[in-house]
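Report on the structure
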Amino acid sequence: MHFFYTFVRLHFQSIMTEKILILDFGSQVTQLIGRRVRELNVYCEIHPFNKMPQIGPDVRGVILSGSPASVRDANAPRLDLSGIKGRLPLLGICYGAQYLAHTYGGSVENSGSREYGRAMLRVVDSASPLMAGISAETQVWMSHGDTITRLPEGAEVIGSTEDVANAAYHIRGEDTYAVQFHPEVFHTKEGPRMLENFVKGICGCKGDWTAESFIDTTVAALRRQIGSDHVILGLSGGVDSTVAAVLLNKAIGSQLHCIFVDNGLLRKNEFSDVLESYKDMGLNVTGVDAGEKFLAALAGKSEPEAKRKAIGGAFIEVFDAEAQKVTGARWLAQGTIYPDVIESCSVNGPSAKIKSHHNVGGLPEKMNLKIVEPLRSLFKDEVRRVGRALGIKDELVGRHPFPGPSLGIRILGEVTAEKLEILRNADDIFIRGLRAYKCDLPCASEPLRRATNLYDAIWQAGVMLLPVRSVGVMGDERTYEYTVALRAVVSTDGMTADWFPLPYDFMAKVSNDIINKVRGVNRVCYDISSKPPATIEWE
Ligand code: XMP
């Protein structure tokens, strides 16, 4: 049969009345600028510098990001700002500030000593709207090898550090501002206030983009676009697909058909518990028990990418067969979120492929359905806030990320039913222990909240079953059993991660519980590797 793929997306963005445009020159922290603007309840979009969208009347201001490049390079990233500079508020950050200087009559030179890390900014012009309410001296974070030695035409200094005279400037007669430091990073203490001064003060944004307003506009847009059509959605138990389903359910009710596949590789009791929660939420959901099929597809495979392929392939088959039973479906809904959509802008060439994370990439092509992605414009913590505003219970909204291939890539080497049973039991003890341990720490997945237990203070946690047996002693008996490794990390997006300092008393108890209660394990290790150079999953 010939399948064709009609690619139609819903553009909720067009409903926004105000937005900030961020033009990305390839900095590692461009997404952070976006997150900081969103924290002000202002919608923003990130676009690569060389794919600038049309500037509509909803654009209230533009931010130019940093970059690993130097404006002095022959092939430095460049763009045409004639439609923006002097017409709209403009903020250049780091490379963005140097680019404005270099392009409009100033000069940028190698700074001799590289300017990295902490510096104290002295506000030179406290009347500047960008500096409103900022302390006379405030800590900022620098990260550049070049420096602005002459300001662009018509510019005046508004802030300096000991080593960087032109740390912040303003172009007279325009709403053009620039800072050579990074206001978006944590170490720039009053960075959020500076960004607020730009976005709300200078650009005049109202800041009315909240979870509730997002829900209202999205539900209305979904109803308009989908009409009386039917929609299929794959639920995974994860936050994104759950929130997407509840939003769609609010918009189109029983026209939404959810499919939740049990791949036999889920956590202990996960399939039945989550399926029950879905039903409680009023979702029209079909659970498909396909564990045997996945185990058969995995038999004899021990190489990580081969395992991923086998699991992805089995999923597409099972899901497609179930979807065929829904008559009249025209749309496939997906829980795609903004970090999956932002086109990364690489000035250093493509990066090497480490793991194939998109395991079901072939699905839409196979199904002859239009795509609807209601969360396309949201960061993960915003998805969680929308989920809470929709009334989804914390246990589901606050879940850690979990890989599509599930425990299949946490059993190193070949997956068998016996190993799955061991891993499930060890993982269950670890995760329940994290939920039960009380603490007061920043919530890893939603920086604006406090965590009341270890689980919420951690971004992702799980157990790996290693293909190693070692000798132990239990009672008077010699044992020869598996080792498990516990993994718990903090991260913002999974791209980088650091191991979480679990309390000793917690580790002691979990290790003891696992070894005493899980048949087949006699040794527990804790993984203290960061990413990079390690990765979060072991496969
Ligand atoms: P790594 O191991 O690459 O993981 O540091 C980063 C994040 O991605 C998840 N992950 C996957 N997710 N399919 C997925 O859907 C995959 O094949 C896959 N591999 C890793 C991982 O759990 C972490 O959140």
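Analysis parameters
Residues numbered from 1 in each chain as written. Predicted model: local features only at pLDDT ≥ 70, side-chain atom pairs only at ≥ 80, totals over all residues. Heavy atoms only, no water. Helix = DSSP H or I, 4+ residues; strand = E, 2+ residues; numbered from the N terminus. Rg over C-alpha atoms; globule rule 2.2 N^0.38 Å. Contact = heavy atoms within 4.5 Å. Areas by Shrake-Rupley, 256 points an atom, 1.4 Å probe, with all protein chains shown as cover. Lys, Arg positive; Asp, Glu negative; His and termini not counted. Charge placed at Lys NZ, Arg CZ, Asp CG, Glu CD. Domains from an automatic or database assignment. Buried area = accessible area lost by both parts, 1.4 Å probe. Salt bridge = Lys/Arg side-chain N within 4 Å of Asp/Glu carboxyl O. Polar contact = N/O pair within 3.5 Å; in protein donor to acceptor, adjacent residues only side chain to side chain. Nonpolar A, V, L, I, M, F, W, Y, C, P; charged D, E, K, R; others polar. Axes fitted to C-alpha atoms, helices over the stretch in contact; angles between N-to-C directions. Left-handed = near helix turned anticlockwise from the far one by under 90°. Near = heavy atom within 4 Å. Parallel < 35°, antiparallel > 145°, perpendicular 65-115°, else oblique. Buried < 20%, exposed > 50% of the residue type's maximum accessible area, 1.4 Å probe, protein only. Core = buried A, V, L, I, M, F, W, Y, C linked by side-chain atoms within 4.5 Å. Pairing = 2+ DSSP bridges. Right-handed = clockwise from strand over helix to strand, strands pointing away.

Another point: the overall build of the chain. When its secondary structure is counted, the chain shows 15 helices and 20 strands. Computed over its C-alpha atoms, the radius of gyration of the chain comes to 26 Å, within 12% of the 24 Å expected for a compact globule of 539 residues. Considering only contacts in the chain between residues 6 or more positions apart, those separated by 24 or more positions represent 75%. When the accessible surface of the chain is summed, it comes to about 23,700 Å², and 50% of that surface belongs to carbon and sulfur atoms. In the chain, 60 positive and 64 negative side-chain charges are present, and the distance between their average locations comes to 2 Å.

Moving on, we get to the domain arrangement of the chain. As far as domains go, the chain holds domain 1 (19–202), domain 2 (226–397) and domain 3 (410–526). When each unit is reduced to the centre of its C-alpha atoms, the spacing between domain 1 and domain 2 is 38 Å. On the side of domain 2, 12 residues touch domain 1, which itself brings 17 residues to the contact. Here domain 1 and domain 2 share an interface that buries about 1,200 Å² over both sides, 54% of which is from carbon and sulfur atoms. A per-residue breakdown of the area domain 1 buries against domain 2 is headed by Gln31, Arg35 and Arg38, which together make up 41% of the total. Linking domain 1 with domain 2 are 2 salt bridges, by the criterion used here. For the salt bridge of Asp381 with Arg35, the shortest nitrogen-to-oxygen distance reads 3.2 Å. Where domain 1 touches domain 2, the interface holds 4 residue pairs in polar contact (both at pLDDT 80 or more). Sorting the residues of the side of domain 1 that touches domain 2 by element identifies helix H1 (30–39) and strand E2 (44–48) as the ones contributing at least two each. For the side of domain 1 that touches domain 2, the residue count by class is 8 nonpolar, 4 polar and 5 charged.

Time to look at the packing of helix H7 (residues 291–298) against helix H8 (residues 304–323). Following both chains from N to C, one finds H7 and H8 inclined at 145 degrees, their axes separated by 9 Å at the closest point. Crossing angle aside, the handedness with which H7 passes H8 is right-handed. Of the residues in H8, those touching H7 at Lys293, Phe294, Ala297 and Leu298 are Lys307, Ala310, Ile311, Ala314, Phe315, Glu317 and Val318. A per-class count over the contact of H7 with H8 returns 8 nonpolar, no polar and 3 charged.

For the rest of this paragraph, the subject is the site of the ligand. Residues in contact with the ligand amount to 16 residues; listed here are only the nearest, Arg308, Lys355, Asn359, Lys531 and Glu537. Within the side chain of Lys355, a nitrogen or oxygen atom sits 2.5 Å from an oxygen atom of the ligand. With respect to the ligand, the backbone of Ile536 contributes an N or O atom lying 2.7 Å from an oxygen atom. For the ligand, the accessible surface in isolation is 500 Å², of which the surrounding protein chains cover 87%. Considered class by class, the residues forming the shell around the ligand number 5 nonpolar, 7 polar and 4 charged.

Each pair of packed helices can be summarised by the angle the axes make with each other and by the distance between the axes. In the contact formed by helix H5 (residues 239–252) and helix H11 (residues 380–389), the axes pass within 10 Å of each other and the chain directions differ by 45 degrees. As far as their axial angle goes, H11 and H5 are oblique. Handedness of the H5/H11 crossing: left-handed. Of H11, the residues touching H5 (which contributes Val239, Asp240 and Val243) are Lys380, Val383, Arg384, Val386 and Gly387. Residues that form the contact of H5 with H11 fall into these classes: 4 nonpolar, 1 polar and 3 charged.

Within the secondary structure, Val397 sits in helix H12 (residues 394–397). Of the residues examined, Val397 reaches a relative accessible area of 1% and is grouped as buried. Separated by 309 residues in sequence, Val397 and Leu88 have C-alpha atoms that sit 38 Å apart. Apart from residues lying up to four places away in sequence, Val397 is in contact with Val239, Arg384, Gly387, Arg388 and Ile392.

Turning our attention to the nonpolar core. Membership of the largest hydrophobic core comes to 55 residues, with the highest contact counts inside it found for Phe430, Leu434, Leu502 and Ile514. Counting contributing residues, this core receives three or more from each of domain 2 (226–397) and domain 3 (410–526). Ignoring any residue separated from it by four or fewer positions in sequence, one finds Leu434 in contact with Asn453, Leu454, Tyr455, Ile458, Ala461, Leu502 and Phe506. Counting 42 residues, the second-largest nonpolar core is a separate cluster that includes Phe214, Leu233, Ala251 and Ala333.

Let us now look at the pairing of strand E10 (residues 230–235). Of the pairings in the sheet, the one linking E10 to strand E13 (residues 329–333) comprises 4 bridges and is parallel in character. Considered in E13, the bridge of Ile232 is made with Leu332. As defined by bridge partners, E10 adjoins strand E11 (residues 256–262) across 5 bridges and the pair is classed as parallel. Residue pairing across strands places Gly234 opposite Ile259, the latter belonging to E11. Remark: the E10/H5/E11 crossover connection has right-handed handedness.

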